[in-house]
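Here is how the chains run, residue by residue.
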Amino acid sequence: MYNLFGFARKKPSSGRIDGEGVYLRPAVMGDFEPWRRLRGASRAFLTPWEPTWPPDDLTRPAFQRRILRHDDERARDEAYSFLIFRAADDALLGGITLGNLRRGVAQCGTLGYWMGENHAGQGFMAKAARALLRHAFVDMRLHRVEAACAPNNERSRRLLERLGFQREGYARAYLLIDGAWQDHLLFAMLESDFLREESSSSDLASQFRQ
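Residues numbered from 1 in each chain as written. Predicted model: local features only at pLDDT ≥ 70, side-chain atom pairs only at ≥ 80, totals over all residues. Heavy atoms only, no water.

What follows is about the overall build of the protein. If you tally the helices and strands in the protein, you get 6 helices and 8 strands. Counting every position in the protein, which comprises 210 residues, the buried fraction comes to 42%. Across the protein, every contact between residues at least 6 apart in sequence was considered, and the portion connecting residues at least 24 apart equals 61%. For the protein, the exposed surface amounts to about 11500 Å²; the carbon and sulfur share of it is 51%. (Helix = DSSP H or I, 4+ residues; strand = E, 2+ residues; numbered from the N terminus. Buried < 20%, exposed > 50% of the residue type's maximum accessible area, 1.4 Å probe, protein only. Contact = heavy atoms within 4.5 Å. Areas by Shrake-Rupley, 256 points an atom, 1.4 Å probe, with all protein chains shown as cover.)

Structure follows, in structure tokens:
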């Protein structure tokens, strides 16, 4: 398929994406209770880094509206939102989104993510992000994926650097987070960056197998 600017584009799958020990899939109503429990238990951990939660955020109707919005965004090729599950036992771990898609001459999207407090710091988000980045660059044929984090969000900054994102700038009052406009560090990864990292990892694995 080709868009108006003549760039080759492959329509992304809306289903499951498998990673190393984790998998991603769009939310369904059957996920409500695990999602509500995980988000509720992690509220204090998450709210400093997220937009202000609506008063009804953890209710079933709000979750249903969320799913409908995500379905509409996916149908419009605007954003792809997934829940993250541990492959070993299907436990819900968090969520990850490739949003703000710009096609045409940009071929770019923005990475966002959250992890339940009890599952943070165990490497799950890095594995989930690598799976989504592979999907973004190989299947969706994006050229660039951007990300941002607050300067004091050390955990998120380290994650992006570990994934191979390059810091590109500092944006003042960039996003409305926890009720206030906050500065953010700006990061990006190019398709060539990702493929180079993938090639290096494959070469290293081959050496260990020999």
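We now examine the pairing of strand S4 (residues 92-102). The two faces of the sheet receive side chains in turn, since in a regular strand these alternate between them. Counting buried positions over the 11 residues of S4 gives 8, a clear majority of the element. As paired elements, strand S3 (residues 80-86) and S4 share 6 bridges and run antiparallel to each other. By the bridge assignment for S4, Ser81 is matched with Thr97. In this structure, the hairpin formed by S3 and S4 is closed by a connection of 5 residues, where Asp90 is found at a positive phi of approximately 60°. In textbook terms, the turn of a hairpin is the stretch between consecutive antiparallel strands, and for S4 and strand S5 (residues 108-115) this stretch comprises 5 residues, one of which, Gly104, has a positive phi near 60°. (Pairing = 2+ DSSP bridges.)

What is expected of a backbone is that most residues other than glycine have negative phi and most peptide bonds are trans. A positive phi angle, close to 60°, is found at Asp90, a residue other than glycine. Despite not being glycine, Arg141 shows a phi value in the positive range, around 60°. Along the polypeptide, Arg141 turns up in the loop between helix H4 (124-139) and strand S6 (144-149).

Note that His119 resides in the loop between S5 and H4. Polar side-chain contacts of His119 include one of 3.5 Å to the backbone oxygen of Leu92. In this view, His119 contacts Leu38, Arg86, Leu92, Leu93 and Phe124; residues no more than four positions away in its chain are not counted. (Polar contact = N/O pair within 3.5 Å; in protein donor to acceptor, adjacent residues only side chain to side chain.)

Our next topic: the pattern of salt bridges. Enumeration over the complete set of coordinates arrives at 17 salt bridges. Residue Asp18 is joined to Arg16 by a salt bridge in which the shortest nitrogen-to-oxygen separation is 2.7 Å. When salt bridges with common partners are traced through the structure, they connect Arg102, Arg144, Glu146 and Glu168 into a single cluster. (Salt bridge = Lys/Arg side-chain N within 4 Å of Asp/Glu carboxyl O.)

Right, let's talk about the pairing of S6 for a bit. Pairing analysis gives 3 bridges linking S5 to S6, with the strands arranged parallel. Paired with Thr110 across the bridge in S6 is Glu146. For the crossover that starts at S5, traverses H4 and ends in the parallel S6, the hand is right-handed. Inspection of the sheet shows S6 paired to strand S8 (residues 180-190) by 6 bridges, in the antiparallel sense. (Right-handed = clockwise from strand over helix to strand, strands pointing away.)

These figures capture arrangement, not role.
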